Amino acid sequence: SLSDKLERAFKVLKGQGQVTEINIAETVKEIRRALLDADVSYKVAKQFTDTVKEKALGQNVINAVSPNQLMVKITHDELAKLMGGGMADINISGNPAVILISGLQGSGKTTFSGKLANYLKTKKGKSPLLVAGDVYRPAAIDQLHVLGEQVGVEVWSDKENKNPVDIAKQAVIHAKSKGHNVVIIDTAGRLAIDEQMMNEIEQVKKAVNPQETLFVVDSMTGQDAVNTAKAFNDKLDFDGVVLTKLDGDTRGGAALSIRTVVDKPIKFVGTGEKMEALDIFYPERMADRILGMGDVVSLVERAQEQYDEEEARKLQKKIAKNQFDFNDFMSQIAQIKKMGNVKDLMGMIPGVGKAMKDVDIDDDAFKGIEAIIQSMTPYERENPKSLTGSRRKRIAGGSGTSIQEVNRLIKQFDQTSKMMRMMGDKKKMAQMMKNMP
Ligand code: GDP
Ligand code: MG
């Protein structure tokens, strides 16, 4: 399965001390192969592994984390992104909102119809009507009645009528007259995709024009799930996917394949036979499940937080000892940049966002500063006092800036380090406050 293949890909890295272009090459190749085997398209798989590789090589090396663990974390985050990042809601606007349920026989359509009615009634305060659209199996109609009774939702059925289009239309009329604001239409499925079933559900769709057409698929059917999803999507252009039977031991690789092959969001997952066993789909959780390494992911997150704290502590010490230098200045800039786009950050401050709209702060705001510091020798970076006039001139030339810009940066640096020292020394701070006009 996808999970096993990914696990094997990470094993290749075990025992390595550092992330290098060479030692992650094999893992990256294995990840790509695992994705391709799971029916992810070549383009998507390549993009995926390129991103994983780039992120891995760009990461700071944290002592507490091995390259193997780092790769798991990065892959996890990218998997979540590939499955849509956030959750996708269903559309229940409209009065009544019509929801059409499609899928093969045994995929869990009738069970899901009951679960959805229960969810919309209890969590969304809706008044749903369930519609028995499986005209071929009388048992299926009874099944829906049993579920409707369980969740306290009315069920519309007509055992004499063998025309699902007709039943659906009449059900919508009935819903309107009875004040139901959601209509959930359960339909018949075959054991394999067949022409007649496809045409029938397409006609139902045309007749009632649903707000949501959902495709229900059994997560245990693996590769077949992808082919079925594709066939249904080609015919119905559905709005979302329901992945059932995730309470079994499947790792959920189908979620990734379906999402990337049909490019439609997964909206719900079924996790049992009970009416309450329905979850909203969260890509993060599915990524946990696919990798089956949730503990590694949280380990890396913790280590990354600790790393930042440790850096801050080191810096505090240096400031106290008056050893703050240009290297520290540079890593402070890196910290700020890690927090995201500067303009976005400003935009989050109430009142400031609008005022700053036209001010020109771009992501490159630090480029000039960084270029100047990079043009210093290691000795100069550690000894800011050594920056004489001739050295400043050389640095300006090397960084493609001017003497004035270099001078300005050095002045800024002096002010920053003076201020930081004072903040560390409460006595001096008090003195300064007293002397203020
Ligand atoms: P339909 O033919 O598509 O309407 O499928 P059904 O709703 O009748 O479900 C087929 C079988 O799968 C039934 O025995 C259900 O109880 C079972 N089932 C449906 N959803 C789930 C689920 O999320 N987990 C488990 N374990 N079983 C499910
Ligand atoms: Mg059914």
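Residues numbered from 1 in each chain as written. Chains lettered and ligands numbered in written order. Predicted model: local features only at pLDDT ≥ 70, side-chain atom pairs only at ≥ 80, totals over all residues.

Participant: How should I be thinking about the site of ligand 1 in this particular structure?
Facilitator: As a matter of local geometry, ligand 1 sits amid 17 residues, with Gly108, Lys109, Thr110, Thr111 and Gly270 nearest to it. Examining the composition of the shell around ligand 1, we find that three residues originate from one element, helix α5 (residues 109-124), more than from any other. Its residues placed into classes, the shell around ligand 1 shows one nonpolar, twelve polar and four charged. (Near = placed C-beta within 6 Å. Helix = DSSP H or I, 4+ residues; strand = E, 2+ residues; numbered from the N terminus. Nonpolar A, V, L, I, M, F, W, Y, C, P; charged D, E, K, R; others polar.)

Participant: Sorry if this is basic, but what is going on with the confidence of the model for the protein chain here?
Facilitator: Low pLDDT means the predicted coordinates in that region are not meant to be read closely. Looking at the protein chain as a whole, the pLDDT averages 84, with 85% of positions reaching at least 70. Looking over the protein chain, one finds the lowest element-wise mean pLDDT in helix α15 (residues 352-355), namely 48, and the highest in strand β1 (residues 97-102), namely 98. Between residues 350-357, whose pLDDT stays under 50, and residues either more than four places distant or in other chains, the model counts five contacts. The complex prediction reports pTM at 0.70, with the ipTM value standing at 0.99. (pLDDT = per-residue confidence, 0-100. Contact = placed C-beta atoms within 7 Å.)

Participant: Looking at this structure, I do not really get the environment of Leu79. What am I missing?
Facilitator: Within the secondary structure layout, Leu79 lies in helix α4 (residues 67-82). A count of 25 C-beta atoms within 10 Å places Leu79 in the buried class. Residues Leu79 and Lys169 lie 90 residues apart in sequence; the distance between their C-alpha atoms is 41 Å. For Leu79, the contacting residues outside a window of four places in its chain are Leu256, Ala287 and Ile290. (Buried ≥ 20, exposed ≤ 12 C-beta atoms within 10 Å, placed from the backbone.)

Participant: What is the right way to read the pairing of strand β5 (residues 212-218) from this model?
Facilitator: Within a regular strand, side chains alternate between the sheet's two faces. The buried fraction of β5 amounts to seven of the seven residues, a majority that puts the element mostly inside the structure. Of the two faces of β5, the one carrying Glu212, Leu214, Val216 and Asp218 and the one carrying Thr213, Phe215 and Val217 are both buried. In the sheet, β1 pairs with β5 via four bridges, with the strands oriented parallel. Across the sheet, Leu100 pairs through a bridge with Thr213, a residue of β5. Here five bridges tie β5 to strand β6 (residues 240-244), and the two strands are oriented parallel to one another. Within the sheet, the bridge partner assigned to Asp218 lies in β6 and is Thr244. Where the polypeptide runs from β5 across helix α9 (residues 223-236) and back to β6, its parallel neighbour, the crossover connection is right-handed. (Pairing = 2+ DSSP bridges. Right-handed = clockwise from strand over helix to strand, strands pointing away.)

Participant: Help me out: how do you make sense of helix α10 (residues 253-262) in this one?
Facilitator: For an α-helix, 3.6 residues make a turn, and residues three or four places apart therefore share a direction. A large share of α10 lies buried, amounting to eight of its ten residues. Along α10, the positions that sit buried rather than exposed are Gly253, Ala254, Ala255, Leu256, Ser257, Ile258, Arg259 and Thr260. Downstream of α10 by one or two residues, Asp263 has phi in the positive range, about 55°.

Participant: Hey, could you run me through the nonpolar core in this one?
Facilitator: Inside soluble globular proteins, nonpolar side chains tend to come together where they are buried. Formed by 86 residues in total, the largest nonpolar core has its most connected members in Ile99, Val131, Val183, Ile184 and Ile185. Looking at this core, the element that brings in the most residues is α4, giving six residues. Each of domain 1 (2-84) and domain 2 (97-281) contributes no fewer than three residues to this core. If we skip the residues at most four places from it in the chain, Val183 touches Pro96, Val98, Ile99, Leu129, Val131, Ala171, Val172 and Ala175. The next biggest cluster of nonpolar side chains, apart from the first, holds seven residues, and it includes Phe326, Ile372, Val406 and Leu409. (Core = buried A, V, L, I, M, F, W, Y, C linked by C-beta atoms within 7 Å. Domains from an automatic or database assignment.)

Participant: I tried to follow the pairing of β1 on my own but got confused; where do I start?
Facilitator: In terms of burial, β1 is a largely internal element, six of the six residues being buried. Neither face of β1 is open: one carries Ala97, Ile99 and Ile101, the other Val98, Leu100 and Ser102, and all of them are buried. Direction of pairing for β1 relative to strand β4 (residues 182-187): parallel, over a ladder of four bridges. Residue pairing across strands places Ala97 opposite Val182, the latter belonging to β4.

Participant: Explain the environment of Arg391 to me, please; I cannot follow it from the model alone.
Facilitator: Relative to the elements of secondary structure, Arg391 occurs in helix α18 (residues 389-399). When the C-alpha atoms of Arg391 and Met71 are compared, they prove to be 42 Å apart, with 320 residues separating the residues in sequence. With sequence-adjacent residues up to four places away left out, Arg391 is seen in contact with Glu380 and Ser386.

Participant: Sorry if this is basic, but what is going on with the packing of helix α7 (residues 164-178) against helix α8 (residues 195-208) here?
Facilitator: Packed helices, taken two at a time, are described by the angle their axes make and the gap between the axes. The geometry of α7 relative to α8 is characterised by a closest axis approach of 9 Å and an angle of 25° between their N-to-C directions. When the interaxial angle is binned, α7 and α8 end up roughly parallel. Where α7 crosses over α8, the two elements pack in a sense that is right-handed. In this structure, α7 uses Pro164, Val165, Ala168, Lys169 and Val172 to contact α8, whose residues at the interface are Glu200, Gln203, Val204, Ala207 and Val208. Taken together, the residues of the contact of α7 with α8 sort by class into seven nonpolar, one polar and two charged. (Axes fitted to C-alpha atoms, helices over the stretch in contact; angles between N-to-C directions. Parallel < 35°, antiparallel > 145°, perpendicular 65-115°, else oblique. Left-handed = near helix turned anticlockwise from the far one by under 90°.)

Participant: What is the right way to read the packing of α5 against helix α6 (residues 138-151) from this model?
Facilitator: Running from amino to carboxyl end, α5 crosses α6 at an angle of 25°, the nearest separation of the two axes being 9 Å. Considering the angle they form, α5 stands roughly parallel to α6. Of the two possible hands of crossing, α5 and α6 adopt the one that is right-handed. Each of Thr110, Ser113, Gly114, Ala117, Asn118 and Lys121 in α5 lies in contact with α6, whose residues at this interface are Ala140, Gln143, Leu144, Leu147, Gly148, Gln150 and Val151. Taken together, the residues of the contact of α5 with α6 sort by class into five nonpolar, seven polar and one charged.

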